[in-house]
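Spelled out, the chains give:
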Amino acid sequence: MRSLTRRWLDLAYWNVTNKYPRYLARFPRKFSTNQDDVEDFGNYSVILPEEPFIFGVSHIQPRRVPGHILKPPYALTPDGIPDPKTKFGSGKIKLGGEEESRLRAAAQLAKKVKKFAGSQVKVGVTTDTIDSAVHDFIVSHSVYPSPLHYQGYPRSCCTSINNIIVHGIPDDRPLENGDIINIDITLFLNGYHGDTSETFLVGDVDEPGKELIEVTNTSLERAIAICEPGRPFKAIGDTIHEYIRDKNYSVSSQFTGHGIGSVFHSPPWIIHSRNDEPGVMEPGHCFTIEPAIIQGRNPRGWIFPDGWAASTENCARSAQAEHMVLITENGADVLTR
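Just so you know, the residues in each chain are numbered from 1, in the order the chain's sequence is written. Two thresholds apply to this predicted model, a pLDDT of at least 70 for residue-level local features and 80 or more for giving and counting side-chain atom pairs, whereas whole-chain, interface and lining totals are computed over all residues. Note that the side-chain values use all heavy atoms of the structure and ignore hydrogens as well as water.

- Under an unreviewed UniProt entry, the protein has the name Methionine aminopeptidase and belongs to Gymnopilus junonius.
- UniProt positions are given in the numbering used here, feature names are shortened, and annotations may be inferred rather than shown by experiment. The UniProt entry for the protein carries the following text under Catalytic activity (unreviewed entry): "Release of N-terminal amino acids, preferentially methionine, from peptides and arylamides."
- Turning to the protein, the UniProt record has this under Function (unreviewed entry): "Cotranslationally removes the N-terminal methionine from nascent proteins. The N-terminal methionine is often cleaved when the second residue in the primary sequence is small and uncharged (Met-Ala-, Cys, Gly, Pro, Ser, Thr, or Val)."

Now the structure itself:
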């Protein structure tokens, strides 16, 4: 990090323990005040909550979606919480029919939107501007941006910069030369969700940052490569573990992939670290694989006062990549590639 490393880390700890102590359990250890004890993960700016702290997101005005666009059920409730009776689907679809056709179409449009979002990434552009462009692009296709109003989330995509693992809320911070940014896109088309993400370089990123993204993308591809009917879901975590075990990286175990289809998040839950979860892949299963790879050997994160953005505990950088995988009779198709 830059020369302000110790100051940033001490400030992060002070903020959590003094201003919102209920997060202390997620941020349990004080950083060393000895600069020599702080591991150097490269040259980048650390993202911390703005002061004065605002808890929650009620102060953020959501963007409007035209009334003719089909909305997912949670978007029609006051709090964005899915109806418990329909919250979880089976995580499987019927192959060879309308369900598969609609799911593939949603995934391909999500891929297109992700590419568009990446084209907006430039030094000096704010993530709020990117979110606005993504929102307008999705709505122009008469499609709903799935994150909007989901459990109260106030924006149409997630933008996670540097030390933010997942769920960064777009805001007015301009992107800086040397940032890395994950943009997570999900949309709701004809009753089905398409979900994908990628971590992009902003300007001239240092070698540790580039390597982090490369390791993340390779982790995802290796996990995809083992998917097939009859394979245990836990093999995904085993594969990523074996790939990074001898590297100075870790994988977040706090955030998982998930089944996806007519329901945004459903079983099967995809754990990216080594685990003993039961279950095997069967034809018709559609799920996301989305490992968040973190610099160093500390995978823990803590949540900002907004209730969404998750930072690494020690402010190391994190990168994420995500694809939708559909298990077929003979193998697996990557729907968002």
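A word on the sheet that holds strand β10 (residues 292-295)
- With antiparallel pairing, the three strands of this open sheet are ordered in space as β6-β10-β13. On the outer flanks of this sheet lie β6 (249-251) and β13 (318-320), each paired with one strand and no other. Direction aside, neighbouring strands of the sheet carry axes that sit 25 degrees apart on average.
- One requirement defines pairing of two strands: DSSP has to find at least two bridges between them. Secondary structure is summarised from DSSP: a helix means a run of H or I of at least four residues, a strand means a run of E of at least two, and numbering begins at the N terminus for each. Strand direction decides the pairing type here: β10 and β13, joined by three bridges, are antiparallel. Opposite Ala 292, over in β13, you have Gln 320 as the bridge partner.
- Each of β6, β10 and β13 is contacted by helix α4 (residues 207-225), which is oriented at about 145 degrees to β10, the strand it contacts most. Axis geometry follows a simple rule: fit a line to the C-alpha atoms, using only the stretch in contact for helices, then measure angles between N-to-C directions, giving values from 0 to 180 degrees. Contact criterion: two residues are considered in contact whenever any of their non-hydrogen atoms come within 4.5 Å of each other.

Quick word on the pattern of salt bridges
- The term salt bridge refers to a pairing of a side-chain nitrogen on Lys or Arg with a carboxyl oxygen on Asp or Glu at a separation within 4 Å. All told, the structure shown has 19 salt bridges when counted by the stated rule.
- Among the salt bridges present, the one from Arg 231 reaches Glu 228, with a minimum N-O distance of 3.1 Å.
- Of the residues examined, Glu 228 reaches a relative accessible area of 34% and is grouped as partly exposed.
- Residues joined by salt bridges that share partners form a network here, namely Arg 63, Asp 128, Asp 131 and Arg 155. For every residue, the accessible area (1.4 Å probe, protein chains only) is compared with the maximum for its type, and the residue is labelled buried under 20%, exposed over 50%, or partly exposed between those bounds.

Description of the UniProt feature "binding site: a divalent metal cation 1" (unreviewed entry) in the protein
- Taking the UniProt record as the reference, the feature "binding site: a divalent metal cation 1" (unreviewed entry) is found at Asp 184, Asp 195 and Glu 322. Taking the farthest pair of C-alpha atoms as the criterion, the annotated set spanning 139 residues converges on one region, since that pair is 8.2 Å apart.
- Relative to the assigned elements, Asp 195 resides in strand β5 (residues 192-201).
- When near neighbours in sequence (up to four residues on either side) are disregarded, Asp 195 contacts Ala 110, Asp 184, Ile 185, Thr 186, His 258, Ile 260, Phe 264, Thr 288, Glu 322, His 323, Met 324 and Thr 336.
- In this fold, Glu 322 is placed in the loop between β13 and β14 (323-327).
- By relative accessible area, which is 0% here, Glu 322 ends up buried.
- Setting aside its immediate chain neighbours within four residues, Glu 322 contacts Asp 184, Asp 195, Thr 196, Ser 197, Leu 220, His 258, Thr 288, Ile 289, Glu 290 and Thr 336.

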